[in-house]
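Overview (structure and organization)
Each chain, written out:
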Amino acid sequence: MAKSIVLDAGHGGRDNGAVYEDMIEKNDNLRIVLALGQELENRGINVYYTRTTDVFQTPFEKAQIANETNADAFLSIHRNSGVNPGEYSGVESLVYKKEGLALEMAENINGALGLVGFDEIGVFEEPGIIVLRKTKMPAVLAEIGFINNDEDNRLLNENFDDVIGALADAVQGTLEPEVYPAGRGGFFQVQVGSFADRKEAAAAVKKVSGEGFPAMLDTKDQRYRVLVGRYQELDNAVLMERVLRKHGYTTRIIG
Ligand SMILES: [Zn+2]
């Protein structure tokens, strides 16, 4: 049977969440949730939403909506905010208790977003948070970077597809460890670029190869992808990914 998850875009309506310059947290949360939900649905996971529009809900209502589903997990998406702009950065995930599926998903989310470039602050117990306390299923509240940190906003906005892919990898990797990441294609590769234009992709392959990496061009869904290596073991792809990131590449492991 297909796995299922409730996605909660934090805040909404008259509850803006954090605000910084012209950015409003509730809008970022909804944008992330709608894109993530689509990606998870594409991957065969059933997705329920607490909200798909800009409406106000109390945390109790959010938990109640979640509990009316029999979903396997609950994920609330937020942006963090520090007292002073730029003071803090990174992702953190909150759980009712550091155990079981919730802890696993929290760690997977932090790890996956770490690969996109976010600092990993950690997983913390916050039993007082209503959507963690009142939901019946394993629940995580993920803070996707700080809304008052320019670098975090750049990571989110310039790599939005990678952020969504990373979150989807983390959710799917938690709910369906048996089908992910082992062997969708039978091997793992590191993607360092994706282009609409073939010439640009070919130039990127040349550049990456010129730095000594085994790069190749791959076509998928009318995109031209620059892939490095071809590994049976995920660990080896992760090692290659680390080296590529040191060379300044934004990477994503595909299987
Ligand atoms: Zn929030």
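The rules behind the values
Residues numbered from 1 in each chain as written. Predicted model: local features only at pLDDT ≥ 70, side-chain atom pairs only at ≥ 80, totals over all residues. Heavy atoms only, no water. Buried < 20%, exposed > 50% of the residue type's maximum accessible area, 1.4 Å probe, protein only. Helix = DSSP H or I, 4+ residues; strand = E, 2+ residues; numbered from the N terminus. Pairing = 2+ DSSP bridges. Contact = heavy atoms within 4.5 Å. Axes fitted to C-alpha atoms, helices over the stretch in contact; angles between N-to-C directions. Domains from an automatic or database assignment. Buried area = accessible area lost by both parts, 1.4 Å probe. Donors = N, O, S within 2.8 Å, 3.2 Å for Na, K, Ca; no water. Tetrahedral: all angles 85-135°; square planar, octahedral: opposite > 155°, others 65-115°. Polar contact = N/O pair within 3.5 Å; in protein donor to acceptor, adjacent residues only side chain to side chain.

**Here we look at the pairing of strand β9 (residues 188-195)**
In terms of burial, β9 is a largely internal element, six of the eight residues being buried. With six bridges joining them, β9 and strand β11 (residues 223-231) adopt antiparallel strand pairing. Directly across from S194, in β11, lies its bridge partner R225. Pairing of β9 with strand β12 (residues 252-254) involves three bridges; the strand directions are antiparallel. Bridge pairing links V190 to I253 in β12.

**What about the environment of K134?**
Topologically, K134 is positioned in the loop between α4 (130-133) and β8 (139-146). Once the C-alpha coordinates of K134 and N67 are considered, the two residues, 67 residues apart in sequence, prove to be 8.5 Å apart. Ignoring anything within four residues of it in the chain, the contact list for K134 reads F60, A63 and N67.

**Here we look at the sheet that holds strand β6 (residues 91-95)**
As summarised here, the arrangement of the six strands in space is β4-β1-β5-β8-β6-β7, forming an open sheet in which the pairing is mixed. The strands lining the two open edges of the sheet, one partner per strand, are β4 (46-49) and β7 (120-125). Neighbour-to-neighbour, the strand axes of this sheet turn through a mean angle of 20°, independent of strand direction. Alignment of strand β1 (residues 4-9) against strand β5 (residues 73-80), held across five bridges, turns out to be parallel. Residue pairing for β5: I5 is matched across the bridge by A73.

**Here we look at the domain arrangement of the chain**
Here the domain parsing of the chain yields domain 1 (4-175) and domain 2 (188-254). Each of domain 1 and domain 2 has a C-alpha centre, and these two points are 28 Å apart. Taken together, the contact pairs nine residues of domain 1 with six residues of domain 2. When the buried area of domain 1 at its contact with domain 2 is split by residue, L115, D162 and D169 rank highest and sum to 62% of it.

**Regarding the coordination of the zinc ion**
Around the zinc ion, the protein supplies H11 (NE2), E25 (OE), E25 (OE) and H78 (ND1) as donor atoms, at distances of 2.1 to 2.8 Å. Around the zinc ion, the four donor atoms sit at angles spanning 51 to 142°, and that spread fits a shape best called irregular. Each donor residue of the zinc ion belongs to the same chain, and together they define the spacing H-x13-E-x52-H. With a gap of 67 residues between them, H11 in the loop between β1 and β2 (19-20) and H78 in strand β5 connect regions that are remote in the sequence.

**Thoughts on the side chain of D169**
Tracing the sequence through the fold places D169 in helix α6 (residues 160-175). Here D169 falls in the buried class, since its relative accessible area comes to 13%. At a separation of 2.9 Å, a polar atom in the side chain of D169 contacts the side chain of R43.

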